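A closer look at the structure
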Amino acid sequence: MSIGRSHWKVPILEVRKLSKEFGGLRALHNLEFEVSKGEMLGLIGPNGAGKTTLFNVITGFYQPTTGKVIYEGKGISGLEPYEIAQKGIVRTFQGTILSMDSTVFDNILMGCHLNFRAGVIRDFLHTAAAVREDREMRQRVQEILEFIGLDQLKNELAGNLPHGQQRAVAVAMALASNPRLLLLDEPVTGMNPVETATMMDHIRNIRGRGITIIMVEHDMRAVMNICQRLIVLNYGQKIADGLPVEIRQNKDVIEAYLGREEE
Amino acid sequence: MIGGVYALVASGFTLILGVMKIFNFAQGQFYMLGAFVAYGVAVSLGLPYVVALIISILSMGLLGVLVYIGIIKWTYSGFFQTVMATFAFSTIAKQGSLLTFGYREKVLPAVVRGIIEVSNVTVPGGKLFIIFVAILVMVSLHYFLKLKVGTSMRAVAESMDVASLQGINPTRIFYLTMGIGCGLSGIAGGLIAPVFCASVLMGERIFIMALLVVAIGGMGSMTGALLASCVIGVVESFAYQFVGELNLVAIFILLAVIIYFRPGGLMGKPLPIPTAE
Amino acid sequence: MALGLVVLFLILLPWIVDKYSLQLIIYTMTYIMLALGFSLCWKGRLIRVDLAAYWAIGAYATGMLMTKAGWSYWPTILVGGLLAAIIAWGVGSLTIPRGGLVFFTFSMLVGLLIQQTLAASKSFGGWAGIESMPPPAIGSFVFKGKTEYYFLGLFLLGVNFVTYYLLYNSKIGRGWTAIGSGVGFAKSLGINVVRYRLSAVVLSSFFCAVSGSYLASYQMYIIPDSFGFHQSMMIQMFSLVGGLNNFLAGPVVGAAVMTFIPEYLKVTAEIEPILTAVVIILVIIFMPLGILGVVGKVWRSSLFVRNR
């Protein structure tokens, strides 16, 4: 029986009876959970449990087979990914996807894309309003660069950076788009302890800005330290939902991980 | 009748596209060369027609593999690059053939006629023969694809990385795919040679038809290609009665209608897109 | 400063070079406009094989309106461009959402269709095309020599170039770059990929038609054969040779090189396509990023050496 949820009344995300099938393969089965505004939720489970699939469904890259996703009170299943992004849900990808041929600065500037108010034509004509907005955006990018600590690298091509820093750029981009709900897909996988600690700090800071975060991760220590609540998936089904300290002792969870190891 | 020929060329094209993600611009040229080879073997060497056909399919298959080794292998860096590379090869093939087989007069190139009699039966029988051979080839292809090799090809079509993890050697599959794909075109050319002629420009026309077949039938699907080629063959001859030269437009209208109702073509699931997805 | 010198050079050009070279330059400018259009779509990773057909639309619009309807030259440019834009919009709306491969295949088929239709219709002059078009005129000033055409071309190319330049450096341009880096990536940033790609396709079609109007007015005749599939591939070649990753400079370099160099290598008309084809293959293998790619690499490694 978890007590965490009663502190925050407003669910920012609701997943109701969500299932996703590919041909005969059932990737997600009857998922049901809520995420409260401002929460820091960890999504864990053995490999292949369906965590990335869930992200893909929430962000519109896949359509649910049954069930629905409700964001800020309104259903979003069936919307295009770009529409969902425009509503404030931003995600990172597992295999850091950036514009490799662009500089770090430009990448993050792309992340600001959602926030450009000026219409396309006005931007093209470089009206005063558009120019001003462009300057504001660039300032914002600069702020984010300093916040994440990438300022030194801002003119480097993203493709030239080591993996850990590319991840940081991806997070910076996600931040730049001013999300209300941020989905991080394995932000620290493959990082050494120092990089992991830095990234965790960033994530805490982001959370400090009031952004709700759902994080998929394998690194248990990171997850346990930072997440207020955990949801555990196995074979596409939710097998546990609660505080980290409860989850750690949950029999089903232990079995799920152990069972997989024996395979 | 001509639908059978379209089916062969289109299937070869779809195969190469599906497995290797290569848009083989030169598919029509293999058809043209196959026709010339058949002509050369049957007329110049005087060997029986069936032998000519077999040599068509084998020589074109071999040529396909050679093209892969010589050109495609080195230019495999992206969809656009392979498009340009196969296009370049098709130009070389066409121009080279023009220079070898016939000069270009002002509007029409010289045409080489291959008139072959198929066991005393005149041309109409020849048309039946084409359908017969086409069906024979398609059916053998169908069963071939069910073999282990066929599943390997399909695995590579799905995902090259996963396939190689499963121990499949992609290079060998590529040889096979190019070989079969181009061989199909070759035998199609060999089949059509006695009925029409072998001319250097036939490659371009058949390529467009093959594309239409693929577009109407669905880009990944063999059955679609088969179905679509029959339909197109019928529509084409039919429309010719009414509008002559513009019968191609009739096919485009057909294409537009089908796409409107079934965006993926008749049987299609569009292939996984090779460009940046 | 350097820009000023370039502009000055361009203005003085007709008096620096001989008449034949000027003609080559006029053709090159036409080709540059086409190649710019190809590169624009390529930025969003769309390959199109129908630009020659839209070139034709512009040419025929000008040709038909001037010869059959007695129009003055200038409005025909706009009509051609708009017509091309509308058709491109129609086709693109249907094919772009289905992905790059479908778009590519249909661009080829539609391009062929347009060309065949224009060529086969007797009312458009059939395969013989349109002849004896009147030259453009501004008031009583009638275009007579190459110089006038040169400046017209420079103007049109300039408009085209500046438009693309401004777009590339704006939100749209960044959107296209993002799409080019990955469709899923761009979608997750909130970019409506279909709309962005469609606008690239429509815009490039517009300018290609403008280029067609220009060419038609210069040649004063139109032959449908010159707007075929082969020409569409030639356009791709310009971008390839110039530099696939250089969306503004690549087309310029590629078109210039591929137009001028064959002039100095006198080869027969029969051998030329083979030579070109071989060059394409060699470029793909050895200079995948084109001439500018090589230049860029040399530039960067020289920087590295200097900084040691």
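Residues numbered from 1 in each chain as written. Chains lettered and ligands numbered in written order. Predicted model: local features only at pLDDT ≥ 70, side-chain atom pairs only at ≥ 80, totals over all residues.

1. Some points on the overall build of chain A
Definition in use: Put simply, DSSP H or I for four residues or longer makes a helix, DSSP E for two residues or longer makes a strand, and each gets a number counted from the N terminus. This entry defines residue contacts through backbone-placed C-beta atoms, with two residues in contact when those atoms are within 7 Å.
For chain A, the count of helices and strands is ten helices and ten strands. For chain A, long-range pairs separated by at least 24 residues make up 69% of all intrachain contacts whose partners lie at least 6 apart in sequence.

2. Overview of the overall build of chain C
What counts, and what does not: As a reference, a globule follows 2.2 Å times the number of residues to the power 0.38, and the radius of gyration itself is taken over C-alpha atoms. The burial criterion counts other C-beta atoms lying within 10 Å of a residue's C-beta, which is placed from the backbone; the residue is buried at 20 or more, exposed at 12 or fewer, and partly exposed between these limits.
A tally of helices and strands in chain C yields 13 helices and two strands. For 308 residues, the compact-globule formula gives about 19 Å, and the C-alpha radius of gyration of chain C, at 20 Å, lands near that figure. Its C-alpha atoms put chain C at 65 × 50 × 40 Å along the principal axes. Put simply, chain C has 308 residues, and 52% of those count as buried.

3. Some remarks on the interface of chain C and chain A
Note the threshold: Residue type decides the class: Asp, Glu, Lys and Arg count as charged, Ala, Val, Leu, Ile, Met, Phe, Trp, Tyr, Cys and Pro as nonpolar, and the leftover types, Gly among them, as polar.
With 20 residues of chain C at the contact, the number on the chain A side is 23 residues. Per element, the largest residue contribution to the side of chain C that touches chain A is seven residues, and it comes from helix H7 (residues 171-181) of chain C. By residue class, the composition of the side of chain C that touches chain A is eight nonpolar, nine polar and three charged.

4. Brief notes about the interface of chain B and chain C
With 34 residues of chain B in contact, the opposing surface of chain C contributes 32 residues. When residues of the side of chain B that touches chain C are traced back to their parent elements, those giving at least two are helix H4 (79-101), helix H9 (202-217) and helix H11 (247-261) of chain B. The biggest single contributor to the side of chain B that touches chain C is H4 of chain B, with twelve residues. Tallied by class, the residues present in the side of chain B that touches chain C amount to 25 nonpolar, seven polar and two charged.

5. Quick word on H9 of chain B
Stated precisely, the cut-off is as follows: Helix span, expected: 1.5 Å multiplied by one less than the number of residues in the helix.
For H9 of chain B, with 16 residues, the first-to-last C-alpha span of 22 Å sits near the 22 Å given by 1.5 Å per residue. Among the 16 residues of H9 of chain B, 14 are classified as buried, and the element is accordingly described as predominantly covered.

6. Here's the deal with the sheet that holds strand S2 (residues 25-36) of chain A
Residues and elements named next belong to chain A. Selection rule: For two strands to be treated as a pair, DSSP must find no fewer than two bridges joining them. Note on geometry: axes are lines fitted to C-alpha atoms, helical ones only across the stretch in contact, with angles between N-to-C directions running from 0 to 180 degrees.
The strand order across the open sheet built from four strands is S2-S1-S4-S5, with neighbouring strands paired in antiparallel fashion. The sheet terminates laterally at S2 and strand S5 (74-75), the two strands that pair on one side only. Here strand S4 (residues 66-71) pairs with S5 via two bridges, running antiparallel. Residue Ile 70 lies in a different strand from S5, and its bridge partner there is Gly 75. Taken strand by strand, helix H1 (residues 51-58) contacts strand S1 (11-22), S2 and S4, and its axis lies near 70 degrees from that of S2.

7. Observations regarding the environment of Ala 85 of chain A
Within the element layout of this structure, Ala 85 of chain A appears in helix H2 (residues 81-86). For the pair Ala 85 of chain A and Asp 241 of chain A, spaced 156 residues apart in sequence, the C-alpha separation works out to 26 Å.

8. Re the nonpolar core
Counted only if it meets this: Think of a nonpolar core as buried Ala, Val, Leu, Ile, Met, Phe, Trp, Tyr and Cys residues, each tied to the set through C-beta atoms within 7 Å.
Formed by 261 residues in total, the largest nonpolar core has its most connected members in Ile 108 and Ala 172 of chain A, Val 9, Ala 210 and Val 213 of chain B together with Trp 55 and Ala 56 of chain C. Counting residues per element, this core draws most heavily on helix H9 (residues 193-219) of chain C, which supplies 15 residues. When sequence neighbours within four positions are dropped, the list of residues in contact with Ala 172 of chain A reads Ile 108, Ile 144, Ile 148 and Leu 150 of chain A.

9. Re the pairing of S4 of chain A
Residue and element names in this part refer to chain A. Bridging between S1 and S4 involves five bridges; their strand directions are antiparallel. Residue pairing for S4: Val 15 is matched across the bridge by Val 69. Adjacent in sequence and paired antiparallel, S4 and S5 are bridged by two residues, among which Glu 72 carries a positive phi angle near 50 degrees.

10. Some words on the sheet that holds strand S7 (residues 181-185) of chain A
Paired through their backbone hydrogen bonds, the strands of a sheet run either parallel or antiparallel. All names here are of chain A. With respect to topology, six strands assemble into an open sheet ordered S6-S7-S8-S3-S9-S10, the strand pairing being mixed. Whereas interior strands pair on both sides, the edge strands pair on one side only; in this sheet they are strand S6 (89-91) and strand S10 (237-242). Averaged over neighbouring strand pairs, the angle between their axes works out to 15 degrees when direction is ignored. Where strand S3 (residues 40-44) lies against strand S8 (residues 212-216), four bridges are found, and the strand directions are parallel. Within S8, the position partnered with Leu 41 by the bridge is Ile 214.

11. Quick look at the confidence of the model for chain A
Residue and element names in this part refer to chain A. Here is the rule: pLDDT runs from 0 to 100 and stands for how confident the predictor is about each residue.
Within chain A, residue pLDDT values average 82, and 89% of them lie at 70 or more. Within chain A, S8 carries the highest mean pLDDT (92), whereas helix H4 (residues 120-124) carries the lowest (60). In the model, residues 1-6 has pLDDT below 50 throughout and makes nine contacts with residues more than four positions away in sequence or in other chains.

12. With respect to the domain arrangement of chain A
All names here are of chain A. Note the following rule: Residue ranges assigned to each domain were obtained from an automatic or database domain assignment.
Splitting chain A by domain gives domain 1 (4-88 + 179-262) and domain 2 (99-169). Residue-level contacts link eight residues of domain 1 with six residues of domain 2. Elements with a contribution of two residues or more to the side of domain 1 that touches domain 2: H2 and helix H7 (193-208). Each residue belonging to the side of domain 1 that touches domain 2 can be placed in one class, and the counts come to four nonpolar, three polar and one charged.

13. What about the packing of helix H6 (residues 148-158) of chain B against helix H8 (residues 170-192) of chain B?
Angle between the axes and distance between the axes are the two parameters that describe a pair of packed helices. All names here are of chain B. What counts here: Throughout, the term roughly parallel applies to angles under 35 degrees, roughly antiparallel to angles over 145, roughly perpendicular to angles from 65 to 115, and oblique to all others.
At a minimum axis separation of 10 Å, H6 and H8 run at an interaxial angle of 105 degrees. In this view, H6 runs roughly perpendicular relative to H8, as classed from their interaxial angle. Between H6 and H8, the contacting residues are Val 149, Ser 152, Met 153 and Val 156 on the first element and Pro 170, Ile 173, Leu 176 and Thr 177 on the second. A breakdown of the residues in the contact of H6 with H8 according to their chemical character gives six nonpolar, two polar and no charged.

14. Things to note about the packing of helix H3 (residues 49-70) of chain B against H8 of chain B
All names here are of chain B. This is how the line gets drawn: Take the far helix as your reference; a near helix turned counterclockwise from it by less than a right angle gives a left-handed crossing, and one turned clockwise gives a right-handed crossing.
Running from N to C, H3 and H8 cross one another at 140 degrees; their axes reach a closest spacing of 7 Å. Between H3 and H8, the angle is such that the two are oblique. Classified by chirality, the crossing of H8 by H3 is right-handed. Taken together, the residues of the contact of H3 with H8 break down into 16 nonpolar, eleven polar and no charged.

15. Examining unusual backbone geometry
Phi at Glu 72 of chain A takes a positive value of approximately 50 degrees, unusual for a residue other than glycine. The backbone of Met 220 of chain C shows a phi angle near 65 degrees, a positive value even though the residue is not glycine. With respect to the element layout, Met 220 of chain C can be found in the loop between H9 and helix H10 (229-242).

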